[in-house]
Amino acid sequence: MACIAVVGLGNMGGPMAANLRKAGHTVQGFDVSARCREQAAAGGITVASSVEDAVRGADAVLTMLPNGEIVASVWREAVAAARPATLMIDSSTIDVASARAVHDVARGAGHLSLDAPVSGGTEGATAGTLTFMVGGDPDSFAAGQPLLAAMGRRIVHCGAAGTGQAAKICNNMILGVTMIAVSEAFNLASQVGLSHQSLFDVASTSSGQCYALTTHCPVPGPVPTAAANRDYRPGFAAELMLKDLGLSQAVASASGTATPLGAAAHAIFDAFVEQGGRGRDYSAVVDYLGRLPAT
Ligand code: NAD
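Residues numbered from 1 in each chain as written. Predicted model: local features only at pLDDT ≥ 70, side-chain atom pairs only at ≥ 80, totals over all residues. Heavy atoms only, no water.

Asker: Outline the site of the ligand, listing residues and values.
Answerer: Surrounding the ligand, one finds 25 residues, the nearest of these being Asn11, Met12, Asp31, Leu65 and Lys243. Separating an oxygen atom of the ligand from a side-chain N or O atom of Lys243 is a distance of 3.0 Å. Burial of the ligand by the protein chains amounts to 86% of its free accessible area of 830 Å². Elements that contribute at least two residues to the shell around the ligand include exactly helix H4 (68-81), helix H6 (121-127) and helix H11 (238-255). For the shell around the ligand, the residue count by class is 13 nonpolar, 9 polar and 3 charged. Of the domains in this structure, domain 1 (3-160) and domain 2 (166-291) are the two that each give at least three residues to the shell around the ligand. (Near = heavy atom within 4 Å. Polar contact = N/O pair within 3.5 Å; in protein donor to acceptor, adjacent residues only side chain to side chain. Areas by Shrake-Rupley, 256 points an atom, 1.4 Å probe, with all protein chains shown as cover. Helix = DSSP H or I, 4+ residues; strand = E, 2+ residues; numbered from the N terminus. Nonpolar A, V, L, I, M, F, W, Y, C, P; charged D, E, K, R; others polar. Domains from an automatic or database assignment.)

Asker: Would you mind going over a nonpolar patch on the surface in detail, with residue names and values included?
Answerer: A cluster of nonpolar residues, Leu188, Val192 and Leu194, forms a patch on the protein surface that exposes about 300 Å² of accessible area. Its location among the elements puts Leu194 in the loop between helix H8 (163-191) and helix H9 (196-203). By relative accessible area, which is 37% here, Leu194 ends up partly exposed. (Patch = residues over 30% accessible without salt bridge, like charges linked within 9 Å, V, L, I, M, F, W, Y side chains within 5 Å. Salt bridge = Lys/Arg side-chain N within 4 Å of Asp/Glu carboxyl O. Buried < 20%, exposed > 50% of the residue type's maximum accessible area, 1.4 Å probe, protein only.)

Asker: Report on the environment of Gly135, specifying residues and quantitative values.
Answerer: For Gly135, the location among the structural elements is in strand E8 (residues 130-135). Once you skip the residues sitting within four places of it in the chain, Gly135 turns out to touch His103, Ser113, Leu114, Asp115, Gly159, Ala160, Ala161, Gly162, Thr163 and Gly164. (Contact = heavy atoms within 4.5 Å.)

Asker: Which residues make up unusual backbone geometry, and what values go with them?
Answerer: Cis geometry is found at the peptide bond from Pro234 to Gly235, where omega equals 15 degrees. Structurally, Gly235 can be placed in the loop between helix H10 (211-214) and H11. In this structure, Asp231 is a non-glycine residue whose phi angle is positive, near 55 degrees. Overall, the relative accessible area of 62% leaves Asp231 in the exposed class.

Asker: Lay out H8 in plain terms, naming residues and giving numbers.
Answerer: For H8, with 29 residues, the first-to-last C-alpha span of 43 Å sits near the 42 Å given by 1.5 Å per residue. One or two residues past the end of H8 sits Gly193, with phi positive at roughly 80 degrees. (Expected span 1.5 Å × (residues − 1).)

Okay, structure coming up:
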């Protein structure tokens, strides 16, 4: 069994660290938030006092952090403190250029490295059923696969460094667009006397079926584990969805790709986050859409 440093013990990193521990690994965790450190300690994680302290003696380092800037700063610290040929894995969702830059930092210091962002949300992180989309060379992938298997059910090697993040950005553009579509349908149903449950019963077994509907259903009732049943406490925070849609729009404009629905979803989440959505689950966009004037 390995000793693994986990940096970022939030909504996703906390349960991922717990699953590594359940698989028999020693986990040394660090987070800047005292609340996250306390929760992790209660779950049997050895809590470190800094990134350097967490990384000391570890065979692998896993980061699960809010954005590329923070990942770059944590990796600089971690790479310097890690012992030779440590496996560095970043599972945060960040832009492709930052992912490639941190790979270079790790490889330059003689470490193995992977970008391994995830899909499956906090439910998948807790259940150990995440999908990992992985970028990196074959040696790093071979070293990382058993660790990722302790936290996920499906592990896809997408190609060279950065391709895991490219897959994640495309996937979340689909999720942002479909959450808006599902929310609009529930708002429309309410206006014409169709109950939320009836719409769910039909669409979840018909051609409207999608993850935004069947796992993150934006209205209370049909899916008991959805954030809608706990007053939209995240889950997946609206500002993180806005970040992801911003990443896909940046790639779309840099590559000259037309993504009109991706652009519209970005504008809608931008307005929603500005107007009270920050800190709420992204599925609460249903409330924001319901308040818009009819077109
Ligand atoms: P979160 O805000 O709950 O967790 C991030 C944690 O990082 C926080 O606890 C924060 O205190 C910690 N942190 C910030 N700066 C730090 C630093 N310098 N050193 C140590 N810790 C630091 O966010 P989350 O929902 O766990 O998401 C983490 C990443 O996973 C994001 O990139 C997000 O886009 C991605 N993601 C989230 C979900 C989801 O459903 N929540 C799903 C897939 C991917």
